Number of protein chains: 2
Amino acid sequence: MRRLVLSSLLASTMCVGAASADPLRETALTVFAPLPAAAPQIAMNSATPEKVSLGAALFFDPRLSASGVFSCYSCHNLTTGGDDNMETSVGHGWQKGPRNSPTVFNSVLNIAQFWDGRAADLAEQAKGPVQAAVEMANTPENVIATLSSMPQYVEWFSAAFPEQKEPVNFENMAKAIEVFEATLLTPAPFDAWLAGDDKAMNADQLAGLQLFIDKGCTSCHSGVNLGGQGYYPFGLIEKPGAEILPRDDKGRFAVTETVDDEYVFRAAPLRNVAVTAPYFHSGKVWDLGIAVEIMAESQLGEELKPEETAKIVAFLDALTGTVPQVTLPVLPAETSSTPRPITAILP
Amino acid sequence: MRRLVLSSLLASTMCVGAASADPLRETALTVFAPLPAAAPQIAMNSATPEKVSLGAALFFDPRLSASGVFSCYSCHNLTTGGDDNMETSVGHGWQKGPRNSPTVFNSVLNIAQFWDGRAADLAEQAKGPVQAAVEMANTPENVIATLSSMPQYVEWFSAAFPEQKEPVNFENMAKAIEVFEATLLTPAPFDAWLAGDDKAMNADQLAGLQLFIDKGCTSCHSGVNLGGQGYYPFGLIEKPGAEILPRDDKGRFAVTETVDDEYVFRAAPLRNVAVTAPYFHSGKVWDLGIAVEIMAESQLGEELKPEETAKIVAFLDALTGTVPQVTLPVLPAETSSTPRPITAILP
C-alpha cells in the first residue's frame, strides 16, 4: 500500500465520526477502516478515464497469454468473487499453479500482492502471471508485439499515457491494469454498519464481530481489508497438517531468505471471504467454518465452540460486498502481424 | 431458424421501404435482410427479463464445466467478436476441439447450429459443449447438482420458469442460455445502408457488395446473416488442400450419413467475419483476403484480381457490428453441497 495516496481512505474514515455512540463500533473503528468511497489514487500512476478503460481492456484480453486462452479475468473472475474458486488455478498446458488465486476485489488496499507479498503493488503483480510458465506463459516481448499489432491498442495506450513517445510497453500495460483493478471495490454491510447504520448487520453478525475482536483475530486481520496488511507465521501456535500447509512451500522465506520467514504468509484479506472458497494458500479447505476453526487453533491456540464459529462466520458474511457494475470492453481485432496463439508447452 | 417467430424480422425488412431508390440497394434487399431491431422471440421459449438474466448468468458461469475453468464465454468471448480467435478451441485437459468456434453474435438467426447444423437451435447447441469430453467435459447430472446446490440459482430458475415445479433442469439451462444469446445482435453499417443511409458504407464497400453479388457469393451467403442458412459442399468446384479441408472431417455427412453430404458444411454466416479470424471449420486461414480467394476458387472456380479481393474484404468490414453492452452478472457462491472442480482427464 506504500504507493497509495491515503487521502480518500482518511476522508472516508473521518466522515463516520457522526455515527451514534456504540462501544462495539467505537472499538471496531480503532481496529478496522471502512472501504474508501472511490478508487484510491496511486502515486506515480494517476488514474484517468482513458487509462482505466485501457486497463479494463487488458484485464479481459486473453491475448495477454501465449495460448490466447487466459486473461487476468480467467483466475480473477469478476462474476465469482474476483477469484476462480479452485484449489489452485489451471494455466498454460493444464498446469496447476502453486497457490490459490486471491480475489482481485479491494486488492489495491493490500500492503503488497501475492500470498508472500513479493509484489509491492498491483502493477508489479500484473507482470507475474503474464510471464509465469504455469499461468499465461507469455513474454513481455510477445505481449508488446501483440498489443502493438493492433492500431486501436496503440491509440488507447497513447491516450492513457499522452506524455510518452512509445507508450506501448510492458510497464504501462501493468500500470493500466492497476488503475482498472483499483476501481474494483466492494462496499459491504460491515462498511454501512461502521458508518452508523445499525441495521446493516444483524445480532449474530455483531456477536461474531465481538468474538472476532475478543478472540484476537484482529491481531492479523485488521485495517480496511481485515488482513492483507502484514505477514505472520501460518501455525503460530500449532502448525496445521501438511495437507493444508504443504512443507515445500515456505511462503515469505522465498522472498526474504530469512529463517524467521519460513511458513510466513501475508494475512489473508477477509473481504468477500464467504464467496471465495476454497481457503488458505493451498486452497485445501472449502468450508468457511472449518477455516475459521483451523485459524483459531493454529494461530490462537483456541478451540472454538460451534456457536462461536457460527457467529464469526455470520460476521464474515457481512464482509461480502456489492460488486461494481462492469461492462465488457470490446477489444481490437487481430491484424496480419499479430502473433498467433501458442498452445504448445515449451520446456 | 425454424423456431424463430419471424414477425420482427419481417417488420424491420418492411420499414426500409422508404429508402431512396438505388438499384444496388434494391437488389441487396432481395438477397439480404437487415438485422432485427430486437432479439427475435423463439417459439416454445418466450423471453422474459428473468429468463434472459438467468441465461446471462449461466453463459458466464465456469461451473458449467467439470473443471470450473470454462464457461460458454470462454470460447464465445463477447470481447473478441463472440468467438475465441483460435484455430480450434482449447478445452478440458488442454485438449483441442475438432472445429473452429463460431461467433455467438447473431447466431440465433442461423437456420441451425454448429458447422454441420447438427443442433436445430441454440438451446440444443448449448447442451453440446457442456458435455463434450474435449470441451467442458461435464454431465447433465453434475450440472444440475451444481446449480441446485446454490439457492440463488434455484430462485432464478423458479422466476424464469414460474409454471414449473422442478425448474432446475438441463433443458431449462439450455433454454435460458438461448434467450440470452438471442439478445446478442450486432447491427452493422451494412444494416444502416440497407435501411437507406447512403453514407453508412463507402465507395469501396459498395463496390465490394456489387462484386459479392455479381460473382455469386450470394448463392450461399445470403439472408440476414449472409450465410448460416443452408448447406453446401466445401470445394464445390475445386477442393482446397487437406490442410484447410482435412479429409477426416466429412462435415454434414456425420449428421445425415448421406454420401451427398460428404464435406458439406453450413455456409459460414459472415456478420463480424472481419473480427473472427481464423477462418473455415479448420481455422487454418488467418487472413480474410486469402479466405475470400480460397472461397472464390473452390466454390466459384474464379480467380479474383487483388483489387477485387480488396473490395470484397472492404464490404465484409461493413458487416462488423456494434456489440451490445453486456454487464457482467454476479454469480451465486458455492455451498457445501456444490460438486468440486474436477480437473482430471477421465478416460
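Values in this document were obtained by computation on a predicted structure and should not be read as measured data.

A. Representation of the packing of aromatic side chains within the structure. Within the structure shown, the criterion is met by 29 aromatic pairs over all chains. Look at Phe60(B) and Phe180(B): their rings are 6.5 Å apart centre to centre, the planes differ by 55°, and that puts the pair in the tilted class. Of the two residues, Phe60(B) sits in helix α3 (residues 49-60) while Phe180(B) sits in helix α8 (residues 170-181), which places them 120 residues apart along the sequence. Overall, the relative accessible area of 1% leaves Phe60(B) in the buried class. You can call Phe180(B) buried: its relative accessible area is 5%. Seen from their ring centres, Phe190(B) and Trp193(B) are 6.4 Å apart, and the 15° between their planes marks the pair as stacked. With Phe190(B) and Trp193(B) both in helix α9 (residues 189-194) and 3 residues apart, the pair spans about one turn of that helix. Neither residue differs from the other here; Phe190(B) and Trp193(B) are each classed as buried. Aromatic rings pair up to connect Phe59(A), Phe60(A), Tyr73(A), Phe180(A), Phe59(B), Phe60(B), Tyr73(B) and Phe180(B) into one cluster. The ring centre of Trp193(B) lies 4.8 Å from the NZ or CZ of Arg25(B), which sits over that ring. For Arg118(B), the ring lying beneath its charged end belongs to Phe114(B), and the centroid distance is 3.7 Å.

B. Main features of the relation of the copies chain B and chain A. Superposition of chain B onto chain A requires a rotation of 180° combined with a translation of 0.0 Å along the rotation axis, giving an RMSD of 0.0 Å. Expressed as a symmetry operation, the mapping of one chain copy onto the other fits a two-fold axis. Identified as the residue of chain B closest to the rotation axis by C-alpha distance is Thr327(B), at 2.1 Å. A high fraction, 100%, of the interface residues of chain B reappear at the interface in chain A, so the copies pair face to face through one surface.

C. Fine view of the UniProt feature "binding site: heme c 1" (unreviewed entry) in chain A. Residue and element names in this part refer to chain A. Listed under "binding site: heme c 1" (unreviewed entry) in the UniProt record, and renumbered for this structure, are Cys72, Cys75, His76 and His92. The annotated residues named above include Cys75 as those lining the largest cavity. The topology assignment puts Cys75 in helix α4 (residues 72-75). Leave out the neighbours within four places in its chain, and Cys75 touches Gly82, Asp83, Asp84, Ser89 and Ser101. Taking relative accessible area as the criterion, His76 reaches 14% and is therefore assigned buried. In this structure, His76 is in contact with Phe59, Gly82, Asp83, Ser101, Pro102, Thr103 and Val104, ignoring residues within four places of it in sequence.

D. Fine view of empty space enclosed by the protein. Counted under the stated rule, the structure contains 7 cavities of 30 Å³ or more. In this structure, the largest cavity encloses a volume near 510 Å³. Counting only elements with at least two residues in the lining of the largest cavity, the list comes to α4 of chain A together with α4 (72-75) and α6 (140-148) of chain B. Of the residues belonging to the lining of the largest cavity, the class tally is 19 nonpolar, 16 polar and 6 charged. Considering only enclosed or pocket space, the second largest cavity measures out at about 170 Å³ in volume. Considering the residues around the second largest cavity, the lining is formed by 20 residues, among which Arg63(A), Gly68(A), Glu334(A), Pro339(A) and Pro341(A) are closest to the centre. Looking at the lining of the second largest cavity, its residues break down into 6 nonpolar, 9 polar and 5 charged.

E. Seen up close, the UniProt feature "domain: Cytochrome c" (unreviewed entry) in chain A. All names here are of chain A. Sites flagged by UniProt as "domain: Cytochrome c" (unreviewed entry) map to residues 50-181 and 203-320. Along residues 50-181 the backbone is 42% helical and 0% strand, and the end-to-end C-alpha distance reaches 14 Å. In the segment residues 203-320, helix accounts for 35% and strand for 5%; the C-alpha atoms at its two ends are 17 Å apart.

F. Structural view of the interface of chain B and chain A. Each side of the interface is counted separately: chain B has 36 residues, and chain A has 36 residues. Where chain B meets chain A, there are 0 salt bridges. Where chain B packs against chain A, one counts 10 residue pairs in polar contact (both at pLDDT 80 or more).

G. Representation of α8(B). Residues and elements named next belong to chain B. Between its terminal C-alpha atoms α8 stretches 17 Å, which fits the 16 Å expected from 12 residues at 1.5 Å a residue. For α8, a buried count of 11 out of 12 residues is recorded, marking the element as mostly surrounded by other parts of the structure. The elements touched by buried residues of α8 are α3, α4, α5 (122-131), α6 and α7 (151-160). The N-terminus of α8 is capped by Asn169, whose side-chain oxygen sits 3.3 Å from the backbone nitrogen of Glu171.

H. Quick look at the environment of Val154(B). By the element assignment, Val154(B) lies in helix α7. Sequence separation between Val154(B) and Phe280(B) is 126 residues, and the spatial gap between their C-alpha atoms is 40 Å.

I. Expanded view of the pattern of salt bridges. All names here are of chain A. Applying the stated criterion across every chain yields a total of 24 salt bridges over all chains. Across the salt bridge formed by Lys284 and Glu87, the nearest N and O atoms sit 2.9 Å from each other. Residue Lys284 is found in the loop between β2 (264-266) and α12 (288-300), and its partner Glu87 is found in the loop between α4 and α5 (122-131); the two are separated by 197 residues along the sequence. Lys284 gets classed as partly exposed once you look at its relative accessible area, which sits at 32%. Between Glu262 and Lys250 there is a salt bridge whose closest N-O contact spans 3.4 Å.

J. Representation of helix α10 (residues 203-214) of chain B within the structure. Residue and element names in this part refer to chain B. The terminal C-alpha atoms of α10 lie 16 Å apart, and with 12 residues this matches the ideal 16 Å at 1.5 Å per residue to within 8%. Those residues of α10 lying buried are Gln205, Gly208, Leu209, Leu211, Phe212 and Ile213. The elements touched by buried residues of α10 are α2 (23-31), α9 and α13 (306-317). Positive phi appears at Gly216, one or two residues downstream of α10, with a value of about 100°.

Conventions adopted
- Along each chain, residue indices are assigned from 1 in the same order as the chain's sequence is written.
- Numbering of ligands from 1 and lettering of chains from A proceed in the order in which they are written.
- A pLDDT threshold of at least 70 governs which residues receive local features in this predicted model, and a stricter bar of 80 or more applies before side-chain atom pairs are shown or counted, although totals over entire chains, interfaces and linings include all residues.
- Derived side-chain values reflect all non-hydrogen atoms in the structure, with water molecules and hydrogen atoms excluded from consideration.
- Aromatic pairs are defined between Phe, Tyr and Trp rings, using the six-membered ring for Trp, whenever the two ring centres lie within 6.5 Å; interplanar angles under 30 degrees are classed as stacked, those over 60 as edge-to-face, and all others as tilted.
- Numbering of helices and strands runs from the N terminus, with a helix taken as a DSSP run of H or I at least four residues long and a strand as a DSSP run of E at least two residues long.
- Partly exposed residues are those whose accessible area sits between 20% and 50% of the maximum for their type, while under 20% is buried and over 50% is exposed, using a 1.4 Å probe and protein chains only.
- Two limits define a charge over a ring: the Lys NZ or Arg CZ must be within 6 Å of the ring centre, and within 35 degrees of the ring normal.
- For this overlay, a least-squares fit was computed on C-alpha atoms, restricted to residues scoring pLDDT of at least 70 in both copies.
- Contacts are residue-level and defined by heavy atoms, with any inter-residue pair within 4.5 Å sufficient.
- UniProt positions are given in the numbering used here, feature names are shortened, and annotations may be inferred rather than shown by experiment.
- Cavities and pockets are defined on a 1 Å grid built over the protein atoms alone: a cavity is a set of grid points where a 1.4 Å probe fits but cannot escape, while a pocket is an open set with protein on both sides within 12 Å along at least five of seven lines, and lining residues are those with an atom within 4 Å of any such point.
- Grid points are joined across faces, edges and corners, and a volume is the space filled by probe spheres set on the points.
- For this classification, Asp, Glu, Lys and Arg are treated as charged, while Ala, Val, Leu, Ile, Met, Phe, Trp, Tyr, Cys and Pro are nonpolar and the rest, including Gly, are polar.
- Note on definitions: salt bridges are taken to be side-chain nitrogens of Lys or Arg within 4 Å of carboxyl oxygens of Asp or Glu.
- Here a polar contact means two N or O atoms within 3.5 Å. Within protein one must be a hydrogen donor candidate and the other an acceptor candidate, and residues neighboring in sequence count only if both atoms are side-chain atoms.
- Here, expected helix span is obtained from the residue count minus one, scaled by 1.5 Å.

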